[in-house]
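Close look at the chain arrangement
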Amino acid sequence: MRSDSRHPPLAVKVWGEFACFTRPEMKVERVSYPVMTPSAARGVLEAIFWKPEFVWRVEEIWVLKEVRWFSIRRNEVNSRASHRSAQRWEREGGGYFADEDRAQRHTLALRDVAYVISAQVEPKSGRAEDEAKFRDQFRRRVAEGRCFFQPYLGCREFAAFFGPPSPDDRPIDWTEDLGLMLRDLEYREDGSGTPRFFRARLEQGVLRVPAEEAA
Amino acid sequence: MFLEKLVDYSRRIDLPPRLYDERPVRYVIQLRADGRPAAPEPLDTADKENKRGIPRRVPSFARGNVDVPLLFADHAEYTLGVGREGADPDKVRSRHALYRSAVAECAKVTGDPRVEAVATFLEAGPLQQLRLPDDFDPSALITFTVDGQFVVDLPAVQQYWADRNEAKDALEMQCLVCGRRRPALRILEGKVKGIPGGQTSGTSIISANAEAFLSYGLEQSYIAPTCPECGERFTKAINSLLADRSSSRRIGGGVFVFWTRDDVGFDLLQYIDNPEPVLVRELIDGLMQGRDLTKAVDETAFYAASLSASGGRAVVRDWIDSTVGQVKDRVAEWLRRQAIVQRNGEEPRGQQLWRLVGATVRDLNDAPAATLQALLRSALLGTPVPERLLYLALQRTRADLEVSEAQASLIKLVLCGANERWEETLTRLDPTLDDPGYLCGRLFATIEQIQTAAAGGQEVKSTVVDRFYGTASSAPATVFGTLLRNARVRLSQLEDSNPGAYWRLFNQLQDIAERLTTLPRTLTLEQQGLFALGYYHQHAENRAAARAAAERRAQAQN
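Residues numbered from 1 in each chain as written. Chains lettered and ligands numbered in written order. Predicted model: local features only at pLDDT ≥ 70, side-chain atom pairs only at ≥ 80, totals over all residues. Heavy atoms only, no water.

Secondary structure assignment for chain A yields 3 helices and 9 strands. For chain A, whose C-alpha radius of gyration is 19 Å, the value lies close to the compact-globule estimate of 17 Å for 215 residues. Taken over the C-alpha atoms alone, chain A extends approximately 55 × 40 × 40 Å along its principal axes. The burial tally for chain A puts 47% of its 215 residues in the buried class. Within chain A, counting contacts between residues at least 6 apart in sequence, those at least 24 apart form 75% of the total. A gap of 2 Å separates the mean positions of the 36 positive and 35 negative side-chain charges of chain A. (Helix = DSSP H or I, 4+ residues; strand = E, 2+ residues; numbered from the N terminus. Rg over C-alpha atoms; globule rule 2.2 N^0.38 Å. Buried < 20%, exposed > 50% of the residue type's maximum accessible area, 1.4 Å probe, protein only. Contact = heavy atoms within 4.5 Å. Lys, Arg positive; Asp, Glu negative; His and termini not counted. Charge placed at Lys NZ, Arg CZ, Asp CG, Glu CD.)

Right under this line is the structure:
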């Protein structure tokens, strides 16, 4: 179900000190895409406002600042946190010792980023009044700085700040083919997902996300 | 983008057929068209020294611990049913049976008479028809010719090999390199060889071998779906770049590779590896004039990556996507920034990249990959060199008790990147520069010379440099009072013994001391860098002056 594009898109400006929009092919020793991916943008929008009755469709991402890279190496761990293990430790004692489960991982990430995300609300019901309601709610939340959880820029530890875009926000002068970029994941019933890619092109600092073609 | 550009590059090079690789093949069993041996013994192609055979392109993939025959290019267990010493006979028998049936199947599918000849030979019992040499090595690879034709080279065999190993049960996904929906690789087939610090068997670019690395409930390489063709192409392309010394450079814990989209004869290494003055001049002149003549070359895309390894994984530390023209301009700028007067006062020059890396460590092999990365970025992208390298270089000067040309060059490079003020200076002694750090450096060099001159050719056991370089270069106020008093005493000794040196050094000391209005208690990192440069410049200047004086004397005598 597609919303008609009578409405101007909803827009939010996000910025932060660090960002890492990890390329799947280099996700262990992380390397970021040079700009925010549509799925990361969706994540930011969902952190601010989301209801089961609608989905977000990201249309454009404006890049407001020159791309700057930095690299860090951190001590991370090999295992994932599991709710069930934590419950067992609570019952039976024991715990997790990160020192014994170390993995040093390198990250090539972005610093000092700012974007404007433009997106449409697509109500699952397809009712126009629903859409208007969601749009207004989103605008109010952005203006007041409310969110369900702090949005982040690709990685949880890279917190994002957000606010309404100002008329002065202009994309940078940068036109380039970025190659294939992760668009989003197609989730199945069991929670596993299949990554989907699209040919990304930055036109005068604007990444346009084409409407999804049928898989 | 990295992988995509590698796949593009793979189309430019002569790539082995799919799932083929170049490996040393030692024995060649020569057959006739009817499947009987043309020679009683297999041809041994080993060289005398390391007993390796001749490299040939043969079927190859990482077998792991599964028994799979490598068609027409396997060792004796598979090919002939001859085990290594202590091999399990059952295993040898079953492996040879696998090999036989694989050849038989290949003969059936391809219908090629030459493959059938091999099958006939194997069915008739190879050991009954062949005499193995006395020094036969069962672990060496064996291949076949039929009427002089290598079976592995037959297109039908190559096609069969590619089809046979096509993943059948693989998930079909969108390949993240070519974008097509193809069966995805569960595990990449080839390994990347030649990245320092990784496992000796090689590293992988895509690798998810622990739970925390998985995503979206997908296992292993499915997290980054790659079709077999792209996977093979980018692995072979990176290996080809890494194996070629004209497209890769290994320094310390890292390696960097670079290439251009088309072969336009641009050789980056001649500028950063061994910057010949003529080339450097050419490059810098080009920067000044702009260059239209070579536009087509300059617009060619240029790529570079710096890589290191972590266990079995390749780490992409940096990825640079630029053009030849841009790189030329930036390298010219980089060479200009680091150009420094030579130790003996001769014309300024730039330093080889590895020397700059070496200026930060005691042993070049200790240099972390980050150092190389920072310097390369500054050379190729024009980014400033991080101050950390300044700190490291200064530490080395304190430990070495001297400032080497490479250290001076690196210090200048860092300072110029950090502060535009230094752009046009710092190449050689600047008598008008009034920075207290710089003046302290010059003063210290002068005091050292006074001491040397006063000793009159005798060795000084413990020089001022040995004792005071560290403090003088960081907290001048604490030591310079004493140093100057001592220097004046030595000067007065000189006055009688060597009046020429006395007046020269006296004036030099006076001149610097007059400019230095106050002795700073401590020097900032930047000032410490300027101290090192002042010290270096003053020495270079004095050596040049001494040389010029010697030349004048020599001329006067003639």
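Back to the text.
What follows deals with the interface of chain A and chain B. Between chain A and chain B, the contact holds 34 residues from the first and 39 residues from the second. Each partner contributes to the roughly 2,900 Å² buried at the junction of chain A and chain B, and carbon and sulfur atoms together form 56% of this total. The tally of links from chain A across to chain B stands at 2 salt bridges. Summed over the shared surface of chain A and chain B, the number is 3 residue pairs in polar contact (both at pLDDT 80 or more). Of all the elements in the fold, those that place two or more residues in the side of chain A that touches chain B are strand 4 (69-77), strand 5 (102-123), strand 7 (176-187) and strand 8 (193-203) of chain A. Ranked by residue count, the leading element in the side of chain A that touches chain B is strand 7 of chain A, at 7 residues. Its residues placed into classes, the side of chain A that touches chain B shows 14 nonpolar, 10 polar and 10 charged. (Buried area = accessible area lost by both parts, 1.4 Å probe. Salt bridge = Lys/Arg side-chain N within 4 Å of Asp/Glu carboxyl O. Polar contact = N/O pair within 3.5 Å; in protein donor to acceptor, adjacent residues only side chain to side chain. Nonpolar A, V, L, I, M, F, W, Y, C, P; charged D, E, K, R; others polar.)

Residues and elements named next belong to chain B. Strand direction decides the pairing type here: strand 8 (residues 248-251) and strand 9 (residues 254-260), joined by 4 bridges, are antiparallel. Bridge pairing in strand 9 places Arg-250 opposite Val-255. Remark: 2 residues form the turn of the hairpin made by strand 8 and strand 9, two consecutive strands paired antiparallel; Gly-252 in that turn has positive phi of roughly 55°. (Pairing = 2+ DSSP bridges.)

Attention now moves to the packing of helix 16 (residues 436-455) of chain B against helix 18 (residues 476-497) of chain B. A pair of packed helices is characterised by two quantities: the angle between their axes and the separation of those axes. All names here are of chain B. It is the contact of helix 16 with helix 18, at a shortest axis distance of 9 Å, that shows an interaxial angle of 35°. Crossing hand, helix 16 versus helix 18: left-handed. For the pair helix 16 and helix 18, contact is made by Cys-440, Leu-443, Phe-444, Ile-447, Ile-450, Gln-451, Ala-453 and Ala-454 and by Pro-476, Phe-480, Leu-483, Leu-484, Ala-487, Arg-490, Leu-491, Gln-493 and Leu-494, respectively. (Axes fitted to C-alpha atoms, helices over the stretch in contact; angles between N-to-C directions. Left-handed = near helix turned anticlockwise from the far one by under 90°.)

A word on the state of the cysteines. Residues and elements named next belong to chain B. Going through the model one piece at a time under the given rule, you end up with 0 disulfides over all chains. The cysteine Cys-230 is free of any disulfide, with Cys-227 supplying the nearest cysteine sulfur at 3.5 Å. Classification of Cys-230 by relative accessible area gives buried; the value is 3%. (Disulfide = S-S within 2.5 Å.)

Looking now at a nonpolar patch on the surface. Residues and elements named next belong to chain A. Among the surface-exposed residues, Trp-50, Phe-148 and Phe-149 lie close enough to one another that they form a single nonpolar patch of about 320 Å² accessible area. Locating Phe-149 in the fold gives a position in the loop between helix 3 (128-144) and strand 6 (161-163). Given a relative accessible area of 37%, Phe-149 falls into the partly exposed group. (Patch = residues over 30% accessible without salt bridge, like charges linked within 9 Å, V, L, I, M, F, W, Y side chains within 5 Å. Areas by Shrake-Rupley, 256 points an atom, 1.4 Å probe, with all protein chains shown as cover.)

Residue and element names in this part refer to chain A. The buried fraction of helix 2 (residues 83-92) is low, at 1 of 10 residues. By the N-cap criterion, in which a side-chain oxygen at the helix start approaches the backbone nitrogen of a residue two or three places on, helix 2 is capped by Ser-82, the distance to Arg-84 being 3.3 Å. Following helix 2 by one or two positions, Gly-93 has its phi on the positive side, about 80°.

Take the pairing of strand 1 (residues 10-19) of chain A next. Residue and element names in this part refer to chain A. Strand direction decides the pairing type here: strand 1 and strand 5, joined by 9 bridges, are antiparallel. Bridged to Phe-18 within strand 5 is Arg-111. One ladder, built from 3 bridges, connects strand 1 with strand 6; its direction is antiparallel. When the bridges of strand 6 are listed, Lys-13 appears paired with Gly-163.

Residues A:Met36, A:Tyr115, B:Phe2 and B:Leu3 are the most contacted members of the largest nonpolar core, which totals 85 residues. Listed in part, the 82 residues of the second largest apolar core include B:Trp334, B:Leu415, B:Val464 and B:Phe531. (Core = buried A, V, L, I, M, F, W, Y, C linked by side-chain atoms within 4.5 Å.)

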